[in-house]
Amino acid sequence: MVGPNGEQVGIVRVEDALRLAEEANLDLVEVAPMAKPPVAKLMDFGKFKYEAAMKAREARKNQVNTVIKEIKLRPKIDPHDYGTKKGHVERFLKAGDKVKVTIMFRGREQSRPELGRRLLERLAEDIVELGYVESAPKQDGRNMIMVIGPTKKKAEAKAEQRRSREQRGAASDAAHAEHIETTELTEHTDETQAADQAEQVPTEQAAAAE
(Lines give C-alpha, C1' and ligand atoms only; values in the text may rest on other atoms or scores of the structure.)
Protein backbone atom coordinates (compact mmCIF):
# COMPACT_ATOMS: atom_id res chain seq x y z
CA MET A 1 0.00 0.00 0.00
CA VAL A 2 1.08 3.59 -0.76
CA GLY A 3 0.25 6.44 1.59
CA PRO A 4 -1.48 9.72 0.57
CA ASN A 5 1.87 11.50 0.15
CA GLY A 6 3.46 8.73 -1.90
CA GLU A 7 5.19 7.08 1.03
CA GLN A 8 5.53 3.29 1.04
CA VAL A 9 3.38 1.75 3.78
CA GLY A 10 4.21 -1.82 2.89
CA ILE A 11 2.18 -4.97 2.43
CA VAL A 12 -0.98 -4.90 4.55
CA ARG A 13 -4.17 -6.91 4.65
CA VAL A 14 -7.17 -5.55 2.78
CA GLU A 15 -9.09 -5.18 6.03
CA ASP A 16 -6.30 -3.11 7.58
CA ALA A 17 -5.97 -0.97 4.45
CA LEU A 18 -9.69 -0.23 4.47
CA ARG A 19 -9.54 0.67 8.17
CA LEU A 20 -6.62 3.05 7.59
CA ALA A 21 -8.50 4.68 4.73
CA GLU A 22 -11.58 5.17 6.89
CA GLU A 23 -9.54 6.64 9.76
CA ALA A 24 -7.86 9.11 7.39
CA ASN A 25 -11.19 9.93 5.70
CA LEU A 26 -9.68 8.90 2.35
CA ASP A 27 -10.40 6.36 -0.37
CA LEU A 28 -8.47 3.16 -1.00
CA VAL A 29 -7.82 3.07 -4.74
CA GLU A 30 -6.21 0.19 -6.59
CA VAL A 31 -3.60 1.79 -8.90
CA ALA A 32 -1.75 -1.31 -10.14
CA PRO A 33 -4.09 -4.30 -10.12
CA MET A 34 -1.75 -6.49 -12.23
CA ALA A 35 1.21 -6.12 -9.87
CA LYS A 36 2.09 -8.91 -7.44
CA PRO A 37 0.93 -8.07 -4.88
CA PRO A 38 -1.56 -5.48 -6.24
CA VAL A 39 -0.80 -1.87 -5.32
CA ALA A 40 -3.39 0.40 -3.72
CA LYS A 41 -3.09 4.02 -2.64
CA LEU A 42 -4.80 6.16 -0.04
CA MET A 43 -6.19 9.27 -1.74
CA ASP A 44 -9.10 11.64 -2.13
CA PHE A 45 -10.55 10.02 -5.22
CA GLY A 46 -12.90 12.91 -6.02
CA LYS A 47 -10.02 15.38 -5.95
CA PHE A 48 -7.92 12.99 -8.04
CA LYS A 49 -10.62 12.76 -10.74
CA TYR A 50 -11.05 16.55 -10.79
CA GLU A 51 -7.31 17.20 -11.19
CA ALA A 52 -7.06 14.56 -13.92
CA ALA A 53 -9.95 16.17 -15.81
CA MET A 54 -8.33 19.61 -15.52
CA LYS A 55 -5.01 18.27 -16.83
CA ALA A 56 -6.75 16.63 -19.78
CA ARG A 57 -8.62 19.85 -20.54
CA GLU A 58 -5.40 21.87 -20.44
CA ALA A 59 -3.70 19.37 -22.73
CA ARG A 60 -6.55 19.62 -25.25
CA LYS A 61 -6.40 23.41 -25.13
CA ASN A 62 -2.67 23.41 -25.85
CA GLN A 63 -2.95 20.78 -28.56
CA VAL A 64 -2.15 22.18 -31.99
CA ASN A 65 -3.77 20.66 -35.05
CA THR A 66 -2.02 21.21 -38.35
CA VAL A 67 -4.46 22.54 -40.93
CA ILE A 68 -3.78 22.68 -44.66
CA LYS A 69 -5.72 25.34 -46.53
CA GLU A 70 -6.02 25.25 -50.31
CA ILE A 71 -5.99 28.09 -52.82
CA LYS A 72 -6.62 27.51 -56.53
CA LEU A 73 -5.27 29.78 -59.27
CA ARG A 74 -5.39 29.93 -63.04
CA PRO A 75 -2.14 30.45 -65.02
CA LYS A 76 -3.47 33.67 -66.60
CA ILE A 77 -5.06 35.13 -63.47
CA ASP A 78 -5.73 38.87 -63.60
CA PRO A 79 -3.92 41.22 -61.15
CA HIS A 80 -6.99 41.92 -59.00
CA ASP A 81 -7.79 38.25 -58.49
CA TYR A 82 -4.13 37.53 -57.79
CA GLY A 83 -4.08 40.19 -55.07
CA THR A 84 -7.21 38.70 -53.49
CA LYS A 85 -5.81 35.16 -53.54
CA LYS A 86 -2.48 36.34 -52.15
CA GLY A 87 -4.34 38.05 -49.32
CA HIS A 88 -6.00 34.74 -48.43
CA VAL A 89 -2.64 32.99 -48.42
CA GLU A 90 -1.16 35.64 -46.14
CA ARG A 91 -4.10 35.34 -43.73
CA PHE A 92 -3.74 31.56 -43.55
CA LEU A 93 0.00 31.79 -42.93
CA LYS A 94 -0.45 34.41 -40.20
CA ALA A 95 -2.80 31.97 -38.46
CA GLY A 96 -0.07 29.32 -38.55
CA ASP A 97 -1.69 27.13 -41.23
CA LYS A 98 -0.05 25.53 -44.24
CA VAL A 99 -1.30 26.46 -47.69
CA LYS A 100 -1.60 24.17 -50.69
CA VAL A 101 -1.52 26.30 -53.83
CA THR A 102 -2.93 24.63 -56.95
CA ILE A 103 -2.53 25.95 -60.49
CA MET A 104 -5.31 24.58 -62.72
CA PHE A 105 -4.47 24.15 -66.42
CA ARG A 106 -7.17 23.91 -69.06
CA GLY A 107 -6.96 23.08 -72.75
CA ARG A 108 -3.83 24.41 -74.40
CA GLU A 109 -2.55 25.79 -71.09
CA GLN A 110 -1.32 22.27 -70.30
CA SER A 111 1.39 22.67 -72.93
CA ARG A 112 2.84 25.66 -71.06
CA PRO A 113 3.57 24.51 -67.50
CA GLU A 114 6.19 27.27 -67.15
CA LEU A 115 3.33 29.78 -66.76
CA GLY A 116 2.15 28.01 -63.62
CA ARG A 117 5.66 27.59 -62.28
CA ARG A 118 6.44 31.30 -62.70
CA LEU A 119 3.18 32.23 -60.96
CA LEU A 120 3.98 29.97 -58.01
CA GLU A 121 7.50 31.35 -57.76
CA ARG A 122 6.10 34.88 -57.79
CA LEU A 123 3.69 34.03 -55.00
CA ALA A 124 6.48 32.47 -52.94
CA GLU A 125 8.52 35.67 -53.29
CA ASP A 126 5.55 37.87 -52.34
CA ILE A 127 4.87 36.02 -49.07
CA VAL A 128 8.49 35.25 -48.14
CA GLU A 129 8.17 37.10 -44.81
CA LEU A 130 5.24 34.92 -43.72
CA GLY A 131 6.01 31.51 -45.20
CA TYR A 132 8.46 29.27 -47.00
CA VAL A 133 8.17 26.71 -49.77
CA GLU A 134 7.77 23.38 -48.02
CA SER A 135 7.04 21.43 -51.20
CA ALA A 136 8.41 22.77 -54.51
CA PRO A 137 6.04 23.10 -57.50
CA LYS A 138 5.32 19.78 -59.16
CA GLN A 139 2.99 18.66 -61.93
CA ASP A 140 0.03 16.48 -60.97
CA GLY A 141 -2.03 15.70 -64.05
CA ARG A 142 -3.72 18.92 -65.15
CA ASN A 143 -2.64 20.71 -61.99
CA MET A 144 0.61 22.04 -60.57
CA ILE A 145 0.91 22.02 -56.77
CA MET A 146 3.11 23.83 -54.28
CA VAL A 147 2.86 23.70 -50.47
CA ILE A 148 3.81 26.73 -48.37
CA GLY A 149 4.54 26.39 -44.66
CA PRO A 150 4.15 29.22 -42.12
CA THR A 151 7.26 30.74 -40.56
CA LYS A 152 5.36 30.98 -37.26
CA LYS A 153 4.15 27.86 -35.54
CA LYS A 154 0.44 27.42 -34.92
CA ALA A 155 0.78 27.83 -31.16
CA GLU A 156 2.81 31.03 -31.57
CA ALA A 157 0.26 32.46 -33.99
CA LYS A 158 -2.63 31.67 -31.62
CA ALA A 159 -0.78 33.22 -28.67
CA GLU A 160 -0.06 36.35 -30.72
CA GLN A 161 -3.71 36.63 -31.77
CA ARG A 162 -4.79 36.24 -28.13
CA ARG A 163 -2.40 39.00 -27.02
CA SER A 164 -3.66 41.25 -29.81
CA ARG A 165 -7.29 40.73 -28.72
CA GLU A 166 -6.38 41.49 -25.10
CA GLN A 167 -4.55 44.68 -26.12
CA ARG A 168 -7.52 45.82 -28.22
CA GLY A 169 -9.84 45.11 -25.28
CA ALA A 170 -7.64 47.11 -22.90
CA ALA A 171 -7.49 50.03 -25.36
CA SER A 172 -11.28 49.94 -25.76
CA ASP A 173 -11.78 49.98 -21.98
CA ALA A 174 -9.38 52.94 -21.63
CA ALA A 175 -11.17 54.87 -24.38
CA HIS A 176 -14.54 54.16 -22.76
CA ALA A 177 -13.28 55.36 -19.36
CA GLU A 178 -11.89 58.54 -20.96
CA HIS A 179 -15.23 59.16 -22.66
CA ILE A 180 -17.09 58.84 -19.36
CA GLU A 181 -14.65 61.19 -17.63
CA THR A 182 -15.02 63.77 -20.43
CA THR A 183 -18.82 63.50 -20.27
CA GLU A 184 -18.84 64.02 -16.50
CA LEU A 185 -16.53 67.03 -16.87
CA THR A 186 -18.83 68.54 -19.54
CA GLU A 187 -21.90 68.00 -17.38
CA HIS A 188 -20.15 69.62 -14.41
CA THR A 189 -19.19 72.63 -16.58
CA ASP A 190 -22.78 73.00 -17.80
CA GLU A 191 -24.06 72.94 -14.22
CA THR A 192 -21.51 75.60 -13.18
CA GLN A 193 -22.51 77.85 -16.07
CA ALA A 194 -26.20 77.45 -15.22
CA ALA A 195 -25.51 78.40 -11.59
CA ASP A 196 -23.57 81.49 -12.67
CA GLN A 197 -26.42 82.60 -14.91
CA ALA A 198 -28.92 82.11 -12.07
CA GLU A 199 -26.84 84.38 -9.83
CA GLN A 200 -26.69 87.09 -12.49
CA VAL A 201 -30.49 87.33 -12.90
CA PRO A 202 -31.29 89.00 -9.50
CA THR A 203 -28.40 91.45 -10.05
CA GLU A 204 -29.74 92.47 -13.46
CA GLN A 205 -33.28 92.84 -12.05
CA ALA A 206 -32.00 95.08 -9.22
CA ALA A 207 -30.13 97.27 -11.68
CA ALA A 208 -33.29 97.67 -13.79
CA ALA A 209 -35.31 98.67 -10.71
CA GLU A 210 -32.85 101.45 -9.87
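These notes cover the structure that comes with them. None of these values were measured; they are calculated from a predicted model.

**Focus on the pairing of strand 6 (residues 143-150)**
Here's step 1: Among the eight residues in strand 6, seven count as buried, and that is most of the element.
Here's step 2: When strand 4 (residues 98-104) meets strand 6, the two strands line up antiparallel, connected through six bridges. Its bridge partner being in strand 6, Thr102 is matched across the sheet by Ile145.
Here's step 3: Sheet topology places strand 5 (residues 131-140) next to strand 6; seven bridges connect them, and they run antiparallel. Paired with Gln139 across the two strands is Met144, which belongs to strand 6.
Here's step 4: Connecting strand 5 to the next strand, strand 6, in antiparallel fashion are two residues, including Gly141 with a positive phi near 65 degrees.

**Overview of the sheet that holds strand 4**
Here's step 1: If you walk across this open sheet you meet the four strands as 3-4-6-5, and the pairing is mixed. Here the strands that pair on one side only, and so sit at the sheet edges, are strand 3 (68-73) and strand 5. For this sheet, the mean inter-axis angle between neighbouring strands, taken without regard to orientation, is 20 degrees.
Here's step 2: Of the strands in this sheet, strand 3, strand 4, strand 5 and strand 6 touch helix 3 (residues 79-94), which is tilted by about 170 degrees from strand 3.
Here's step 3: Lying on the sheet, helix 4 (residues 113-126) is in contact with strand 3, strand 4, strand 5 and strand 6; it crosses strand 6 at an angle near 10 degrees.

**Here we look at the packing of aromatic side chains**
Here's step 1: In total, this model carries one aromatic pair according to the counting rule given.
Here's step 2: Note on Phe45 and Phe48: the rings are 6.1 Å apart at their centroids and 25 degrees apart in plane angle, and the pair reads as stacked. Taken together, the residues span about one helical turn, with Phe45 and Phe48 both in helix 2 (residues 45-62) at a distance of three residues.
Here's step 3: What makes Phe45 partly exposed here is its relative accessible area of 33%.
Here's step 4: For Phe48, a relative accessible area of 44% puts it in the partly exposed group.
Here's step 5: Positioned above the aromatic ring of Tyr82, the side-chain terminus of Arg122 is 3.8 Å from the ring centre.

**Observations concerning the environment of Leu28**
Here's step 1: By the element assignment, Leu28 lies in strand 1 (residues 27-32).
Here's step 2: Taking relative accessible area as the criterion, Leu28 reaches 29% and is therefore assigned partly exposed.
Here's step 3: Distance in space between the C-alpha atoms of Leu28 and Met1 is 9.1 Å, their sequence separation being 27 residues.

**Description of the pattern of salt bridges**
Here's step 1: Counted under the stated rule, the structure contains seven salt bridges.
Here's step 2: Measuring nitrogen to oxygen at the nearest pair gives 2.9 Å for the salt bridge that ties Arg74 to Glu109. Taken together, the residues span a long stretch of sequence, with Arg74 in the loop between strand 3 and helix 3 and Glu109 in the loop between strand 4 and helix 4 at a distance of 35 residues.
Here's step 3: A relative accessible area of 27% means that Arg74 is categorised as partly exposed.

**Examining the layout of surface pockets**
A probe matching the size of a water molecule, rolled over the atoms, marks out where space remains unfilled.
Here's step 1: Estimates place the volume of the largest pocket at around 310 Å³.
Here's step 2: Considered class by class, the residues forming the lining of the largest pocket number eleven nonpolar, two polar and two charged.

**A closer look at unusual backbone geometry**
Here's step 1: Between Lys36 and the following residue, Pro37, the backbone shows a cis peptide bond with an omega angle of -5 degrees.
Here's step 2: Relative to the elements of secondary structure, Pro37 occurs in the loop between strand 1 and strand 2 (39-43).
Here's step 3: For Asn25, which is not glycine, the phi dihedral falls at a positive 55 degrees.

**Quick look at the packing of helix 3 against helix 4**
Here's step 1: The geometry of helix 3 relative to helix 4 is characterised by a closest axis approach of 11 Å and an angle of 55 degrees between their N-to-C directions. Between helix 3 and helix 4, the angle is such that the two are oblique. Between helix 3 and helix 4 the crossing geometry is right-handed. Every residue of helix 4 that contacts helix 3 at Tyr82, Lys86, Val89 and Glu90 is listed here: Leu119, Arg122, Leu123 and Asp126.
Here's step 2: When grouped by side-chain class, the residues that make up the contact of helix 3 with helix 4 number four nonpolar, no polar and four charged.

The rules we used
- Residues numbered from 1 in each chain as written.
- Predicted model: local features only at pLDDT ≥ 70, side-chain atom pairs only at ≥ 80, totals over all residues.
- Heavy atoms only, no water.
- Buried < 20%, exposed > 50% of the residue type's maximum accessible area, 1.4 Å probe, protein only.
- Helix = DSSP H or I, 4+ residues; strand = E, 2+ residues; numbered from the N terminus.
- Pairing = 2+ DSSP bridges.
- Axes fitted to C-alpha atoms, helices over the stretch in contact; angles between N-to-C directions.
- Contact = heavy atoms within 4.5 Å.
- Phe/Tyr/Trp six-rings, centres within 6.5 Å; stacked < 30°, edge-to-face > 60°.
- Lys NZ or Arg CZ within 6 Å of the ring centre and 35° of its normal.
- Salt bridge = Lys/Arg side-chain N within 4 Å of Asp/Glu carboxyl O.
- 1 Å grid on protein atoms, 1.4 Å probe; cavity = no way out; pocket = protein on both sides within 12 Å on 5 of 7 lines; lining within 4 Å.
- Points joined across faces, edges and corners; volume = space filled by probe spheres on them.
- Nonpolar A, V, L, I, M, F, W, Y, C, P; charged D, E, K, R; others polar.
- Parallel < 35°, antiparallel > 145°, perpendicular 65-115°, else oblique.
- Left-handed = near helix turned anticlockwise from the far one by under 90°.

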